Amino acid sequence: MKILVTGGAGFIGSAVIRHIIENTPDSVVNLDKLTYAGNLESLAEVSSSDRYAFEQVDICNRTDLDRVFQQHQPDAVMHLAAESHVDRSIDGPAEFIQTNIVGTYTLLEAARAYWNELDSERKQTFRFHHISTDEVYGDLPHPNDEPVIASAAKQSMDCHGLQPRSDVLPLFTETTAYAPSSPYSASKASSDHLVRAWLRTYGFPTLITNCSNNYGPYHFPEKLIPLVILNALEGNPLPIYGKGDQIRDWLYVEDHARALYTVVTEGKIGETYNIGGHNEKTNLEVVQTICAILDDLAPMSDRGHPLNIKHSSLIIHVSDRPGHDRRYAIDASKIAKELNWQPLETFESGIRKTVQWYLDNQQWCKNVQDGTYQRQRLGMV
Ligand SMILES: NC(=O)c1ccc[n+]([C@@H]2O[C@H](COP(=O)([O-])OP(=O)(O)OC[C@H]3O[C@@H](n4cnc5c(N)ncnc54)[C@H](O)[C@@H]3O)[C@@H](O)[C@H]2O)c1
């Protein structure tokens, strides 16, 4: 099988391509514009494979897309190309509308034209998998909310007082109504609607997945986890938006890549699958965990600081993100039951691997930050 992966030079797309080349007999065509977020170095392990090809193409360019479909004759599309950072969408929504909405529309039309011309056997098996986010659902009740749900949820917190139990608070399911909060999530919601409309109107064979926050190797350092690791190693302040009590459901990126491959090969056309890690953590808890791991693996005393100084002393609280969603949490029982997928990493095992990866790969971090982005704060209104 040959899979056209859009956005394959990004964080999740590169994990998907590494997974396919290393663990399956399939071929990949990586179609990526190479924005600031796309880095071919993330594919160094697999790019010499004769089952890998790269096309530097913008998903908004119909002529180039038609040429790629004709030339490579893919059996499936996994569509990950997007503008993906909420803070950037606050500073400049136009690029998000262009890539996430117009780009998805252009790709759908190019893929549909190609699919229409396939012989009946290949037409039957072709599929278009759209990769989306849980942020399309807006946010969920938070254990600190008053008064009704909060009291039940607070009682269910674990001994650290940080981990809300998802059997008390509601979760996002595949039928949760869309209520996006940011320009990013609104543009992703729009693209999901387009994909569903192409299925219903044209019978175009689509599947959608909505996933929670990913973390792991090759994550661009504007996102919380790599930003905190790199700032901590340099002894810079670790900014926490607001109180840091926003809850996210964290999934190790390689677990996500495995889930996506399972969906594109075994998922049922027309279905939506939510993907999550069963790891609800507050942002503050995530940052404190990273600090504790760094104290263990790379103590500040090794870099000339007094013995008793810990990385957590670098934490500072800054003004919150405008429109910041309070809690996301995924019910991933459908994909577990129907496609037998489960995450393999716990948050504890995955975050330790991630910190170690950043310690071992500081050259990659330097290379991807050579452009305009220097870990400055983005997304202030
Ligand atoms: N990161 C997460 O936690 C997360 C969670 C759920 C869903 N998602 C979704 O998964 C997908 C991938 O996310 P990511 O974190 O890997 O993003 P990313 O920003 O790391 O990578 C996006 C990739 O898309 C490419 N790209 C951007 N605009 C393009 C265009 N016009 N044409 C072609 N390529 C273009 C970039 O060069 C980059 O390689 C996105 O659709 C995102 O919405 C991300």
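What counts as what
- Residues numbered from 1 in each chain as written.
- Predicted model: local features only at pLDDT ≥ 70, side-chain atom pairs only at ≥ 80, totals over all residues.
- Near = placed C-beta within 6 Å.
- Helix = DSSP H or I, 4+ residues; strand = E, 2+ residues; numbered from the N terminus.
- Nonpolar A, V, L, I, M, F, W, Y, C, P; charged D, E, K, R; others polar.
- Pairing = 2+ DSSP bridges.
- Axes fitted to C-alpha atoms, helices over the stretch in contact; angles between N-to-C directions.
- Parallel < 35°, antiparallel > 145°, perpendicular 65-115°, else oblique.
- Left-handed = near helix turned anticlockwise from the far one by under 90°.
- Contact = placed C-beta atoms within 7 Å.
- Expected span 1.5 Å × (residues − 1).
- Buried ≥ 20, exposed ≤ 12 C-beta atoms within 10 Å, placed from the backbone.
- Arc of directions from axis to C-beta.
- Core = buried A, V, L, I, M, F, W, Y, C linked by C-beta atoms within 7 Å.
- pLDDT = per-residue confidence, 0-100.

Comments concerning the site of the ligand
- Gly 7, Gly 10, Ala 37, Gly 38 and Ala 82 are the nearest of the 30 residues found near the ligand.
- Among the secondary structure elements, those contributing two or more residues to the shell around the ligand are helix H1 (11–23), helix H4 (94–116) and strand E5 (127–133).
- With 3 residues, the top contributor of residues to the shell around the ligand is H1.
- Residue classes in the shell around the ligand are distributed as 13 nonpolar, 12 polar and 5 charged.

Details of the sheet that holds strand E3 (residues 52–56)
- In spatial order, the strands read E3-E2-E1-E4-E5-E6-E11; together these 7 strands make up an open sheet with parallel pairing. Every interior strand has two partners, whereas the edge strands, E3 and strand E11 (272–275), have only one. When the angles between neighbouring strand axes are averaged without regard to direction, this sheet yields 20 degrees.
- Sheet analysis places strand E1 (residues 2–6) next to strand E2 (residues 27–32), joined by 5 bridges and oriented parallel.

Concerning the packing of H4 against helix H7 (residues 183–202)
- Running from N to C, H4 and H7 cross one another at 15 degrees; their axes reach a closest spacing of 8 Å. On the basis of the axis angle, H4 is roughly parallel to H7. For H4 against H7, the interelement crossing comes out right-handed. Here H4 contributes Phe 96, Ile 97, Asn 100, Ile 101, Thr 104, Tyr 105, Leu 108 and Arg 112 to the contact with H7, which in turn contributes Pro 183, Tyr 184, Ser 187, Lys 188, Ser 190, Ser 191, Leu 194, Val 195, Trp 198 and Tyr 202.
- Residues that form the contact of H4 with H7 fall into these classes: 11 nonpolar, 5 polar and 2 charged.

Notes on the packing of helix H2 (residues 62–72) against H4
- Running from amino to carboxyl end, H2 crosses H4 at an angle of 35 degrees, the nearest separation of the two axes being 9 Å. The way H2 lies across H4 gives a crossing that is right-handed. On the side of H2, the interface is formed by Arg 62, Leu 65, Asp 66 and Phe 69, while H4 contributes Thr 106, Leu 107, Ala 110, Ala 111 and Tyr 114.
- Of the residues that constitute the contact of H2 with H4, the class distribution is 6 nonpolar, 1 polar and 2 charged.

A short note on H7
- Compared with the 28 Å implied by 1.5 Å per residue over 20 residues, the 28 Å span of H7 between its first and last C-alpha is a close match.
- After H7 finishes, the residue Gly 203 shows a positive phi value of roughly 70 degrees.

Some remarks on the environment of Leu 140
- Position of Leu 140 relative to the elements: it lies in the loop between E5 and helix H6 (148–155).
- In this structure Leu 140 comes out as buried when scored by C-beta crowding, with 23 C-beta atoms within 10 Å.
- C-alpha separation for the pair Leu 140 and Leu 260, spaced 120 residues apart in sequence, amounts to 25 Å.
- With sequence-adjacent residues up to four places away left out, Leu 140 is seen in contact with Leu 169, Pro 170, Phe 172, Arg 327, Tyr 328 and Ala 329.

Some thoughts on unusual backbone geometry
- You will see that Gln 73, though not glycine, has its phi angle at about 50 degrees, which is positive.
- Checked against the element boundaries, Gln 73 lands in the loop between H2 and strand E4 (76–79).
- On the basis of neighbour count, Gln 73 is assigned to the partly exposed category, with 13 C-beta atoms found within 10 Å.
- A positive phi is found at Asn 340, a non-glycine position, where the angle reads about 60 degrees.
- By the secondary structure assignment, Asn 340 is in the loop between helix H11 (333–339) and helix H12 (347–360).
- Residue Asn 340 is classed as exposed on the basis of its 9 C-beta neighbours within 10 Å.

Let's talk about H12
- Taking 1.5 Å of rise per residue, 14 residues should cover 20 Å, and H12 covers 20 Å from first to last C-alpha, within 8% of that figure.
- Within the sequence span of H12, burial applies to Phe 347, Gly 350, Ile 351, Thr 354, Val 355 and Tyr 358. The buried residues of H12 occupy an angular sector of 135 degrees when projected down its axis, which confines them to one face. Within H12, the exposed residues directed more than 90 degrees away from the buried face are Glu 348, Ser 349 and Asp 360.
- Where H12 is buried, its residues touch strand E7 (214–215), helix H8 (224–233), strand E10 (251–252), strand E12 (280–282), helix H10 (283–297) and helix H13 (362–368).

Section: the environment of Thr 104
- Tracing the backbone through its elements, the reader meets Thr 104 in helix H4.
- Note: C-alpha distance between Thr 104 and Ser 191 (87 residues apart in sequence) is 6.1 Å.
- Leave out the neighbours within four places in its chain, and Thr 104 touches His 79, Ser 191 and Leu 194.

Brief notes about the nonpolar core
- Counting 90 residues, the largest nonpolar core has Val 5, Val 16, Met 78, Leu 260 and Ile 290 as the members making the most contacts within it.
- Contacts of Leu 260, omitting those with residues within four sequence positions, involve Val 16, Met 78, Ile 131 and Thr 209.

Section: the confidence of the model for the protein
- In this model, the protein carries an average pLDDT of 93, and 92% of its residues clear a pLDDT of 70 or more.
- Ranking the helices and strands of the protein by mean pLDDT puts E1 first, with 99, and H6 last, with 51.
- Contacts of residues 156–165 to residues separated by more than four positions or lying in other chains number 16 contacts, the stretch itself having pLDDT below 50.

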